[in-house]
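One-letter residues, chain by chain:
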Amino acid sequence: MLQCPAGWREPFSEEELKRRVAEELALEQAKKESEKQKQLKQSKELDQESAHEQLTRAILRERISSEEERSRAKHLIKQLEEKDRVIKKQDEFYKQQLARLEERETLGGAGGSRAQRPAKGLESAEFYKVTTEQYQKATEEVEAKFKRYDFHPVCADLQAQILQCYRQHTHQTLSCSALAAQYMHCVNQAKQGTLEKGG
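Scoring rules and cut-offs
- Residues numbered from 1 in each chain as written.
- Predicted model: local features only at pLDDT ≥ 70, side-chain atom pairs only at ≥ 80, totals over all residues.
- Heavy atoms only, no water.
- Helix = DSSP H or I, 4+ residues; strand = E, 2+ residues; numbered from the N terminus.
- Buried < 20%, exposed > 50% of the residue type's maximum accessible area, 1.4 Å probe, protein only.
- Contact = heavy atoms within 4.5 Å.
- Areas by Shrake-Rupley, 256 points an atom, 1.4 Å probe, with all protein chains shown as cover.
- Core = buried A, V, L, I, M, F, W, Y, C linked by side-chain atoms within 4.5 Å.
- Patch = residues over 30% accessible without salt bridge, like charges linked within 9 Å, V, L, I, M, F, W, Y side chains within 5 Å.
- Salt bridge = Lys/Arg side-chain N within 4 Å of Asp/Glu carboxyl O.
- Disulfide = S-S within 2.5 Å.
- pLDDT = per-residue confidence, 0-100.
- Expected span 1.5 Å × (residues − 1).
- Arc of directions from axis to C-beta.

Observations regarding the overall build of the protein
Then, number 1: Per the secondary structure count, the protein includes four helices and zero strands.
Then, number 2: In sequence order, the secondary structure elements of the protein are arranged as α-α-α-α.
Then, number 3: For the protein, the proportion of its 199 residues judged to be buried stands at 4%.
Then, number 4: Sequence separation of at least 24 residues holds for 31% of the intrachain contacts in the protein that already meet a minimum separation of 6.
Then, number 5: Total accessible area on the protein stands at roughly 19200 Å², and carbon and sulfur atoms take up 55% of it.

Right under this line is the structure:
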């Protein structure tokens, strides 16, 4: 049994003290448990908020993606409608041209007998011949204006030798100066030859 100093009266019995210590420990344990539960609840709430935020972002991304797809689809529809309009316009133009040609043919034969007007096949052959001649003439004119030039590398062997020399003497490039001078002389001669030919 615990002894109290002189002049103090013994407030609690040993049993009472053990009971109080046990209560204090139980209270401390309850506080810890309550704090743990509180932290778990906060963690769960944070997880829920994070999941909710991720879900919201995913929904927004999906909406943006579907909006972009809708926009792309509208753009493609407009393009198709424009192409369709152009095709219809061309079709109408060709129909008009065909009607004019048929009208000319009809008018050309209105005043005379069938023997007097040229045969349809002859007109087509003559038209084809004239068109082919015009095309050939235009092709020759373009080729004459834009003459094709064939070029061949000049002094290729010296160029290869210089490159090899530079690779071998990366820190002593002056060692290749004689080759470089030969190359420059060769290039200048090639230029001179081209100028003399009128090229």
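Things to note about the nonpolar core
Then, number 1: In terms of nonpolar packing, the biggest core is built from seven residues, these being C155, L158, I162, C165, C176, L179 and V187.
Then, number 2: Not counting chain neighbours up to four residues away, the residues in contact with V187 comprise V154 and C155.

Here we look at a nonpolar patch on the surface
Then, number 1: On the surface, L17, V21 and L25 cluster together to form a nonpolar patch covering roughly 270 Å² of accessible area.
Then, number 2: Note on placement: L17 falls in helix α1 (residues 14-108).
Then, number 3: Its relative accessible area of 38% is what places L17 among the partly exposed residues.

Quick look at the state of the cysteines
Then, number 1: Taken as a whole and assessed by the stated rule, the structure comprises two disulfides.
Then, number 2: Here C155 pairs with C186 through a disulfide, and the sulfurs are 1.8 Å apart. Across the disulfide from C155 to C186, rotation about the S-S bond amounts to roughly -95°, and the bridge is consequently left-handed. Taken together, the residues span a long stretch of sequence, with C155 in the loop between α2 (120-145) and α3 (156-168) and C186 in helix α4 (residues 177-197) at a distance of 31 residues.
Then, number 3: The disulfide bridge from C165 ends at C176, spanning 2.0 Å between sulfur atoms. Between C165 and C176, the disulfide has an S-S torsion of -95° and is therefore left-handed. Here C176 lies in the loop between α3 and α4 and C165 lies in helix α3, a separation of eleven residues in the sequence.

A few points about the confidence of the model for the protein
Then, number 1: When the pLDDT values of the protein are averaged, the result is 79; 81% of them are 70 or greater.
Then, number 2: At the level of individual helices and strands, the protein shows its lowest average pLDDT in α2, which scores 76, and its highest in α3, which scores 89.
Then, number 3: Counted against residues more than four places away or in other chains, residues 110-118, with its pLDDT under 50, gives two contacts.

A look at α3
Then, number 1: With 13 residues, α3 extends 18 Å from end C-alpha to end C-alpha; this agrees with the ideal 18 Å at 1.5 Å per step.
Then, number 2: Buried within α3 are the following residues: L158, I162 and C165. Along α3, the residues classed as buried sweep out an arc of 65° about the axis, all on the same side. The exposed set on the far side of α3, more than 90 degrees from its buried face, consists of D157, R167 and Q168.

A look at unusual backbone geometry
Then, number 1: Even without a glycine there, the phi angle at C155 is positive, about 55°.
Then, number 2: Given the relative accessible area of 9%, C155 is considered buried.

Some thoughts on the pattern of salt bridges
Then, number 1: A full pass over the atoms with the stated rule returns eight salt bridges.
Then, number 2: Between E16 and R19 there is a salt bridge, and its shortest N-O distance comes to 2.2 Å. Placement of the pair is E16 and R19 together in helix α1, with a separation of three residues, close to one helical turn.
Then, number 3: Taking relative accessible area as the criterion, R19 reaches 39% and is therefore assigned partly exposed.
Then, number 4: K95 is the salt-bridge partner of D91, the closest N and O atoms lying 3.5 Å from each other. With D91 and K95 both in helix α1, this residue pair falls four residues apart, about one helical turn.

Comments concerning the environment of Q164
Then, number 1: If you trace the backbone, Q164 turns up in helix α3.
Then, number 2: What makes Q164 partly exposed here is its relative accessible area of 45%.
Then, number 3: Along the primary structure Q164 and C176 are separated by twelve residues, whereas in three dimensions their C-alpha atoms are 9.5 Å apart.

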